[in-house]
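# Understanding the architecture of this molecule
Listed here are the chains, written in short residue letters.
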Amino acid sequence: MKIKQFTLSQTAVAVAMVLATAPLPAVHAQEQATVESKEKNVEVIQIKGIRGSLIRSMDMKRESNGVVDAISAEEMGKFPDTNLAESLQRITGVSVSRSNGEGSQITVRGFGPDFNLITLNGRQMPGTGYTRSFNLENLSSEGVSALEIQKTARAENPSGGLGATVNIVTTKPLSNPGQHGSVSAKGLYDSSNVAGEDVTPEFAAVYSNTFDDERYGIAFSFSHQQRDFQKQQANIQGWQANVALPDLDPEFVVDRRATGADGEKLGNYYFPKDMNYGIEDIERERTNGQLTLQFAPTDNFVATLDYTASNAVTGVESIGWGVWNEFGGNINAYELDENGTAVYADIGGNDGSFTANRGTTEIKAESVGVNFNWTANADWQFELDYHDSNNKADNGADKGLGSQGQIILGSDQLITKYYDYRTGDVPQAWILWKNGTNELAAGEIDSNFSQFTHSPGETSIEQLQLNGQWTNNDFQIPLVNVKFGAARTEQTMGGHSGWSGLRGGPGFNPAYPQIFPDQMFIRHSTDGFLDSFNMGSLNPHYYYSYDFDEALARQLAFLTEDVMGADVYSIDPYFDGIDSESYVEEVTNSLFLQSQWDTEVAAIPLQFNIGVRYEETDVTSTVRQRVETQVNWESPSEWITQYEQGGTDNFLEQQGKHDVLLPMFDLKADLTDELVARFSWGKTISRAPLGFLAGGRSLSGSPKPGSRSGSQGNTNLLPFESTNLDFTLEYYYAEGSYAAIGYFRKDVDNFIQTTITETTIEGLHDILNGPRYQQAVRDIEARGEQATSTAIFEQMLANGNGNADGKIEPDAADPLIVWQISQPANTDAKSVDGFEVAVQHLFGESGFGFGANATFVDGDVKFDVNSLQQQAPLTGLSDSANAQLFYERDGLSVKLTYAWRDEYLIGVGQSQGSADAPPQFAESYGQWDFSVNYELTDELTVFAEGINLTDETERGYGRFKEQFLFARQYGPRYTLGARYRF
């Protein structure tokens, strides 16, 4: 069994901290860039490499106010990791979620990406696309000089970082006078790659210089990375609770749930909606650039103009295979475990399919800013800062499609399907076909349907900040300085989506296997598929692949309007117009006041900060409202919502408003020359998710039985508001060496609870269980046959209930559809608390060093897996640990790192899950990375890196581990390169 599933106890983690290491906290004060640079008071890196980075980090942590950690560059153009998220996970209390095997978004002290604020040189950055969260894998590290993580409240920081505020600090030329530069090139080998290039390039350049006695400065950075790789995966879209079960002979039922006094089984039970397997071949390119210009016409004034841009393009081509399940009378046999989860099921009806997907997503971010810093005199300093930033995500960057496309081919000519998760790491699923075998012949493959989607989104921010500082040089009181400021932030988030519908007449009725010649399909064995998991021989034992473009062209040519009518094959995601569109605008005006005081009590130096921030936010939501007319049953497994055609789209605008008062207090005590104690109290906020703020109601466009859902927003949602308490003790016992322990607690008000209301909407009738549906069931059962959804659909057509296109439309005799409408609202308070421990040790001048940290979190914010009620848990809550061991001497640098994260809640709701919004959990994950650098000369360094050395894999589950949701396999990757600095 190759998959490693670590479950570290707190004791085990504590022991591990004595044996290994994690990245040390490194604080890098944001560069003022300016007057001080003219006076030569600039940071000069005396020691480069890992050791120098750790020493600087430790020293800055010691001098900071509040609880701050950071990571600084080891030298210009060299950050500890090529991915900023991967670097941040080295920080105590920070863990990452992964995308395509790379660190993507961060969780801090149990609070996920939406609860953390990303700033660039102190400026609030927009989230990726139509979100509040920021995908850090899209930023390279070469132009970054430091990452600062402020974990406690600061009045001077923009709001939004309830968990933490992460500040990305970039190179400023006047802060490091003279000419400096670095260029690097490397080749990346990803062991998972099959379809792409075996070795892909990555190169970067960083340059900084000053002129005319440091009055002018220029700095720029550029990087480009390509990566070709393959992801193998298995997944279930969702689990359904308490579906109708038929009366079966006891020999076909195993139910291990407890039995009540009345002889009935206790508790809920759950069945999988589908079972799918897939292979994705992925090409990813990431390009970053930054230009900074600085001008200091006098010794007390500096102007800075900077531009930052990133572009990340990810193209995916995939093939998948699997089964689709219905429930009720379709279940022929099953086995439930003690939790009521089906670990085996024999389910008739529906279909098996082979799916080809193609799509390209482009994420473009730009930020332009200008900063004026003026020191009026020894007492007063002012700063004016403006920036305009945006972050766009477009999943229609495939120039041939302009959308993401999915082509589903397969057959419904089956007898039954089997699902089995009684052994191994991954469930198995296979089909008994009507041809008498468990393998579909190529000539039997038919067109099911295709669909094309396009959902671009953008978040933009315009922010103007005016800050000042008065330094007390006149009064003999403990007051050191007073900071004050005002800001206006206009943030707009929006997007629209188009869905072609199910083009080509879903459901194999009528059948068109003649479209596809047998030679179009290539048969593959599943031997070697997901081989990093323990599962033995996989069933299904085969799959077919086919060319996406050929399948698309054949259907475009054959499934014309003359043949298909309204189901004409089309790749246009806007076949019937824009399906949804929404925008949220937040305008925030803020003021802050913050003071620093130095004093002494009983010969103990004390430093404390007192501050308050006030913010007022106006929220405007604009949502396109579509008018639903009816829901058609278009194939045994597809129900499609119809909309009013030719009418005018209505835009619903709603207003909301809230204000917050955010006080803070920090106390730092130098108990001895080595021992520092800190206490922090304050309030922080994170605003509600964008999807919740967007008002208006929307209904599912594909409301299958059990998934007839809708949502309605709430523009008046209040932000999450946390009252934070921190105690830390830090022991600095030698150069570059320290140990620290801290306790934190967050009491969060205004948690958001989504409630579901059963609603009927006049005019939307339900074919399911209507008079015609019930008659079809009676007709089938009278023949002694099983009333599967396929049989019922075909019987209703035989009874004359279909329209000219072979679809079944509702009529007035059918009951109204019961929709499960969810709407968010602020509810009660919840608490999270935990401990952070860290140690860093340098073994004198030997060159060896290590560090380790761990975070243990808990709270009353967990998901109750036994309840089917709507819940408001905290996503991302988990323990984490990191370790780092290194040797650096005589030009040789060797580093081994390990990052571990315990299992955590990814989110609530599954794409094909029950209306009770079941959870998605990620299993624990640990990854080893390795790097070696060797200086051939003072200027030239060669290096090698290994990422995910032990081929760790990812798995997720629902309420219980037996409710499999996904398994993903990527493989290790390695780089070899060189860096030249001057």
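Note: the structure precedes this text.
Residues numbered from 1 in each chain as written. Predicted model: local features only at pLDDT ≥ 70, side-chain atom pairs only at ≥ 80, totals over all residues. Heavy atoms only, no water.

Attention now moves to the pairing of strand S37 (residues 737-749). Of the strand pairs in this sheet, strand S36 (residues 720-734) and S37 are connected by 13 bridges, and their pairing is antiparallel. Among the inter-strand pairings, Thr 723 is bridged to a residue of S37, identified as Asp 747. Between S36 and S37, which pair antiparallel in sequence order, lie 2 residues; one of them, Gly 736, sits at a positive phi of approximately 75°. Where S37 meets strand S40 (residues 830-842), 11 bridges bridge the pair, whose relative direction is antiparallel. Note on S40: the bridge partner recorded for Asp 747 is Ser 831. (Pairing = 2+ DSSP bridges. Helix = DSSP H or I, 4+ residues; strand = E, 2+ residues; numbered from the N terminus.)

Attention shifts here to a nonpolar patch on the surface. Side chains of Tyr 189, Val 199, Trp 928, Phe 930, Leu 949 and Tyr 974 sit close together on the surface and give an oily, nonpolar patch of about 520 Å² of accessible area. Inspection of the secondary structure puts Tyr 189 in strand S8 (residues 180-190). (Patch = residues over 30% accessible without salt bridge, like charges linked within 9 Å, V, L, I, M, F, W, Y side chains within 5 Å. Areas by Shrake-Rupley, 256 points an atom, 1.4 Å probe, with all protein chains shown as cover. Salt bridge = Lys/Arg side-chain N within 4 Å of Asp/Glu carboxyl O.)

We now examine the sheet that holds strand S17 (residues 342-347). Pairing is mixed in the open sheet, where 5 strands are placed in the order S12-S16-S17-S21-S22. Taken across any chain shown, the strands that pair with only one partner, and hence form the sheet edges, are strand S12 (253-255) and strand S22 (428-433). Each strand axis lies, on average, 15° off the axis of its neighbour in the sheet, ignoring direction. In terms of strand pairing, strand S21 (residues 414-420) meets S22 through 6 bridges, oriented antiparallel. In the strand pairing of S22, Thr 416 is matched with Leu 432. (Axes fitted to C-alpha atoms, helices over the stretch in contact; angles between N-to-C directions.)

As summarised here, the arrangement of the 5 strands in space is S1-S6-S7-S4-S5, forming an open sheet in which the pairing is mixed. On the outer flanks of this sheet lie strand S1 (68-72) and strand S5 (123-124), each paired with one strand and no other.

Another point: the pairing of strand S18 (residues 351-375). Across 24 bridges, the pairing between strand S15 (residues 301-324) and S18 is antiparallel. Among the inter-strand pairings, Ser 310 is bridged to a residue of S18, identified as Ala 365. Pairing analysis gives 7 bridges linking S18 to strand S20 (residues 404-411), with the strands arranged antiparallel. When the sheet's bridge partners are listed, Thr 355 is paired in S20 with Ile 408. For S18 and strand S19 (residues 380-394), the ladder comprises 14 bridges, and the chain directions are antiparallel.

Let us look at unusual backbone geometry. In this structure, Pro 540 follows Asn 539 across a cis peptide bond, with omega equal to 10°. Locating Pro 540 in the fold gives a position in the loop between strand S26 (522-525) and strand S27 (542-545). Positive phi is not limited to glycine here, since Asn 242 has a value of about 55°. Mapping Asn 242 onto the fold places it in the loop between strand S11 (239-241) and S12. Assessed through its relative accessible area of 33%, Asn 242 is described here as partly exposed. Positive phi outside glycine occurs at Asn 350, with the angle close to 65°. Residue placement: Asn 350 occurs in the loop between S17 and S18. (Buried < 20%, exposed > 50% of the residue type's maximum accessible area, 1.4 Å probe, protein only.)

Turning to the packing of aromatic side chains, a few remarks are in order. For the coordinates displayed, the defined rule picks out 47 aromatic pairs. Their ring planes at 5° and their centres at 6.0 Å tell us that Trp 380 and Phe 382 sit as a pair that is stacked. Here the aromatic rings of Tyr 512 and Phe 558 are separated by 5.5 Å at their centres, their planes lie at 65°, and the arrangement is edge-to-face. Remark: Phe 558 occurs in helix H5 (residues 548-558) and Tyr 512 occurs in the loop between strand S25 (479-499) and S26; sequence separation between them is 46 residues. With relative accessibility at 31%, the residue Phe 558 sits in the partly exposed group. Taken together, the aromatic side chains of Phe 354, Phe 516, Phe 521, Tyr 542, Tyr 544 and Tyr 546 make up a single cluster linked through ring pairs. Across from the ring centre of Phe 229, 3.7 Å away, lies the NZ or CZ of Arg 227, which sits over that ring. Here the basic side chain of Arg 968 rests over the ring of Phe 966, its NZ or CZ set 3.8 Å away from the ring centre. (Phe/Tyr/Trp six-rings, centres within 6.5 Å; stacked < 30°, edge-to-face > 60°. Lys NZ or Arg CZ within 6 Å of the ring centre and 35° of its normal.)

Before going further, it helps to examine the layout of surface pockets. Computed from the structure, the second largest pocket encloses a volume of approximately 920 Å³. If you go around the second largest pocket, you meet 37 residues; those closest to its centre are Gln 240, Pro 705, Gly 706, Ser 707 and Leu 768. Of all elements in the fold, only S11, strand S38 (752-759), helix H8 (771-782) and helix H9 (789-798) reach the threshold of two or more residues within the lining of the second largest pocket. The residue makeup of the lining of the second largest pocket, split by class, is 16 nonpolar, 14 polar and 7 charged. (1 Å grid on protein atoms, 1.4 Å probe; cavity = no way out; pocket = protein on both sides within 12 Å on 5 of 7 lines; lining within 4 Å. Points joined across faces, edges and corners; volume = space filled by probe spheres on them. Nonpolar A, V, L, I, M, F, W, Y, C, P; charged D, E, K, R; others polar.)

On their own, these measurements won't tell you what the molecule is for.
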